[in-house]
Amino acid sequence: MGDSKQEVISVIGAGYVGLTTAAIFANCRYKVYLIDINKDRINKIKTGKSWFFEPGIDQLVEAAIDQKNLIPTTSYDTAIPDSDFIFSCVSTPENPDGSPNLSYAVNSFESCLPLLKEKAVFIQKSTVPVGTGAQLEALAAKRRLPVTYVSSPEFLREGSAITDTLWFDRIVCGSDNTEAAEAVIGLYRQLEQCRGHIATLAELKPKQSNGGNYIITTRNSAELIKVTSNAFLALKISFANNIAKLADATGADINEVMDAVGADHRIGRAFLSAGRGYGGGCFPKDVSGLIASAAEYDVDMPILAAATDINESMPGYIANKAQERLGTLTGKNVAVLGLSFKAGTSDARQSPGVKLANILARSGAAVSVYDPHANGEAKAELRNDISISHSAMEAIAGTDAIFIATNWQDFLELDITQTRRAMSGTLFVDCMNAFDISDVERCGLQYIGVGRNGVVA
Ligand code: ADP
């Protein structure tokens, strides 16, 4: 594949995954084309800025644009014939029936096919159901357009996307072509060499260095690894939420329960935090996508159907608890703080905070909302009668109840005494179970968490 420093990469899709991947490799001295059909996104990136918030991304995009190593474009024709590696990072949204919509993935693949240079490696990073690679390879074979295909799913987390990409837990490369899988691993070995420099550029703290964990599998295994990982994490959250309902009913405290349960090294504490449930562009769609793709092979996934049901019940469950305390939601002023699906990102797709705000408004409350980064991205998902504030204090002023729906640092450090003074009422709903109950109650507020304040017998 030649000298790795001169190799050219194309990244298709300038979303969270694609732009992060492109910005990182472009600062690793690769020449990187970033292709997107969305002109607005491409034009914004050309100015040296990301279209979404992610710690460190603007610094990396600006540096790469300045160095002319990152070339944003809407044209496959310029980029693909010049590229040794093509990362496909387009979205795979949900169809109304929960199955993944593969049209973007198929379109980008078809656009590349006639333009690929010999020995170019097409790397599928988008989350696709198991069997997709086989289908795409069959499509290429039918057209007599050979393709070297590697499935290398993405595991980055929004909010820590750059650090996750630089200090990956594992790189999975699934292919029938071991040479191609090794070539992709070569890119990441190069990345390991530059990661300290890239972290400094992004003004992020370098992590403790560990050698890359590279796993070569079959293409189908790689596809299944990605969705299985996400489905299992979603399952853990729903499991914690299911137990939280029992904790509420019995007067147990879910944080105490899960701290002790998670202390068992066979189980682990991660992803056992109860709260308003999971959201975002991955977990909800990956879980329903896995259910749908298993169904095509006549395999039932009742455990994942239950995870989805529990997850969907959580915003309503929290709203009900607040309603019980307030008597009614009709006519009450409430604030929801936190609209991104988690802290550290502006992504408000399938956001539990947004769902909660909509449920409260539907139940007759006057709702004000605020998020330090996601007001813009959440707007289209919010009911028209919800008012968007420019600060937490503006949202809180004169409310009967406030709901902390995302654990942004700003919210965790909220001055509770000042909050109490600004409110008309006294209800503090901690949808993330992130606060110390006595800290809140000491300031004269009534605390509601998820699985933390049942009636003690
Ligand atoms: P993710 O969070 O997985 O990165 P996003 O939805 O944020 O997903 O981004 C996917 C990007 O892929 C979008 O910017 C979209 O415009 C782009 N895209 C979709 N289809 C194509 C295509 N055929 N060619 C190029 N870009 C595409």
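A brief look at the structure comes next. (Residues numbered from 1 in each chain as written. Predicted model: local features only at pLDDT ≥ 70, side-chain atom pairs only at ≥ 80, totals over all residues. Heavy atoms only, no water.)

## Thoughts on empty space enclosed by the protein
In step 1: Tallying each qualifying case throughout the model produces two cavities of 30 Å³ or more.
In step 2: Considering only enclosed or pocket space, the largest cavity measures out at about 80 Å³ in volume.
In step 3: Surrounding the largest cavity, T92, P100, T127, V128, P129, V227, K285, D286, G289, L290 and S293 form its lining.
In step 4: Top element by residues in the lining of the largest cavity is helix α11 (residues 283-296). It accounts for five residues.
In step 5: By residue class, the composition of the lining of the largest cavity is five nonpolar, four polar and two charged.
In step 6: Roughly 40 Å³ of volume is contained in the second largest cavity.
In step 7: Lining the second largest cavity are Q124, S126, T127, V128, S151, P153, A222, E223, K226 and V227.
In step 8: Top element by residues in the lining of the second largest cavity is helix α9 (residues 219-250). It accounts for four residues.
In step 9: When grouped by side-chain class, the residues that make up the lining of the second largest cavity number four nonpolar, four polar and two charged. (1 Å grid on protein atoms, 1.4 Å probe; cavity = no way out; pocket = protein on both sides within 12 Å on 5 of 7 lines; lining within 4 Å. Points joined across faces, edges and corners; volume = space filled by probe spheres on them. Helix = DSSP H or I, 4+ residues; strand = E, 2+ residues; numbered from the N terminus. Nonpolar A, V, L, I, M, F, W, Y, C, P; charged D, E, K, R; others polar.)

## Focus on the site of the ligand
In step 1: The full set close to the ligand counts 19 residues, and V17, D36, R41, Y76 and R349 are the nearest of them.
In step 2: The backbone of Y16 places a nitrogen or oxygen atom 3.0 Å from an oxygen atom of the ligand.
In step 3: Separating a nitrogen atom of the ligand from a side-chain N or O atom of Y76 is a distance of 2.5 Å.
In step 4: Here the ligand loses 88% of its free accessible area of 580 Å² to cover by the protein chains. (Near = heavy atom within 4 Å. Polar contact = N/O pair within 3.5 Å; in protein donor to acceptor, adjacent residues only side chain to side chain. Areas by Shrake-Rupley, 256 points an atom, 1.4 Å probe, with all protein chains shown as cover.)

## Overview of the packing of helix α5 (residues 103-112) against helix α6 (residues 132-142)
In step 1: At a minimum axis separation of 11 Å, α5 and α6 run at an interaxial angle of 35°. Handedness of the crossing formed by α5 with α6: right-handed. Across the interface between the two elements, V106, F109 and E110 from α5 touch L136, L139 and A140 from α6.
In step 2: Of the residues that constitute the contact of α5 with α6, the class distribution is five nonpolar, no polar and one charged. (Axes fitted to C-alpha atoms, helices over the stretch in contact; angles between N-to-C directions. Left-handed = near helix turned anticlockwise from the far one by under 90°. Contact = heavy atoms within 4.5 Å.)

## Topic: the sheet that holds strand β13 (residues 427-430)
In step 1: Pairing is parallel across the open sheet formed by six strands, whose spatial order is β11-β10-β9-β12-β13-β14. Edge strands, defined here as strands with exactly one partner in the open sheet, are β11 (387-388) and β14 (446-448). (Pairing = 2+ DSSP bridges.)

## Some remarks on the environment of D347
In step 1: You can see D347 is positioned in the loop between β9 (333-337) and α13 (352-362).
In step 2: Residue D347 is classed as buried on the basis of its relative accessible area of 0%.
In step 3: Between the alpha carbons of D347 and E54 there is a distance of 9.4 Å; along the sequence they are 293 residues apart.
In step 4: Beyond its immediate stretch of four places on either side in the chain, D347 contacts Y16, E158, G281, S340, F341 and E377.
In step 5: Side-chain polar atoms of D347 contact the side chain of R349, separated by 2.9 Å. (Buried < 20%, exposed > 50% of the residue type's maximum accessible area, 1.4 Å probe, protein only.)

## Considering the side chain of S175
In step 1: Relative to the elements of secondary structure, S175 occurs in the loop between β7 (171-174) and α8 (178-201).
In step 2: A relative accessible area of 9% means that S175 is categorised as buried.
In step 3: Here the side chain of S175 touches Y149 through a polar contact of 2.9 Å, landing on its backbone oxygen.
In step 4: If near-sequence neighbours (up to four positions away) are discounted, S175 is found in contact with Y149, V150, A181, T217, T218 and R219.

## Regarding the packing of aromatic side chains
In step 1: Under the defined criterion, the tally for this structure stands at 17 aromatic pairs.
In step 2: Judged by centre distance (6.2 Å) and plane angle (50°), the ring pair of F271 and F283 falls under tilted. Residue F271 is found in the loop between α10 (254-262) and α11, and its partner F283 is found in helix α11; the two are separated by twelve residues along the sequence.
In step 3: The exposure class assigned to F271 is partly exposed, which follows from its relative accessible area of 33%.
In step 4: In this structure F283 comes out as buried when scored by relative accessible area, which is 15%.
In step 5: Arranged with centres 5.9 Å apart and planes meeting at 75°, the rings of Y278 and F283 form a pair that is edge-to-face. Like F283, Y278 is buried.
In step 6: Joined through ring pairs, the aromatic side chains of F25, Y30, F87, F168, Y188 and Y214 make up one cluster. (Phe/Tyr/Trp six-rings, centres within 6.5 Å; stacked < 30°, edge-to-face > 60°.)

## Topic: unusual backbone geometry
In step 1: Phi angles above zero are rare outside glycine, and D298 is one such case at about 60°.
In step 2: In the Ramachandran plot, N433 falls in the positive-phi region, its phi being about 50° despite a non-glycine side chain.
In step 3: Examined against the element boundaries, N433 turns out to sit in the loop between β13 and α18 (437-442).

## Structural notes on the state of the cysteines
In step 1: Enumeration according to the criterion identifies one disulfide in this entry.
In step 2: Between C28 and C194 runs a disulfide, and the two sulfur atoms are separated by 2.4 Å. Between C28 and C194 the sulfur-sulfur dihedral comes to about 60°; the bridge is accordingly right-handed. Of this pair, C28 sits in the loop between α1 (16-26) and β2 (31-35) while C194 sits in helix α8, placing them 166 residues apart in sequence. The two residues C28 and C194 agree in class, both being buried.
In step 3: For C89, which is in no disulfide, the shortest distance to another cysteine sulfur is to C112 and amounts to 11 Å.
In step 4: On the basis of relative accessibility, which here comes to 8%, the residue C89 falls in the buried class.
In step 5: Lacking any disulfide linkage, C443 is separated from the closest cysteine sulfur, that of C431, by 18 Å.
In step 6: By relative accessible area, C443 is classed as partly exposed at 23%. (Disulfide = S-S within 2.5 Å.)

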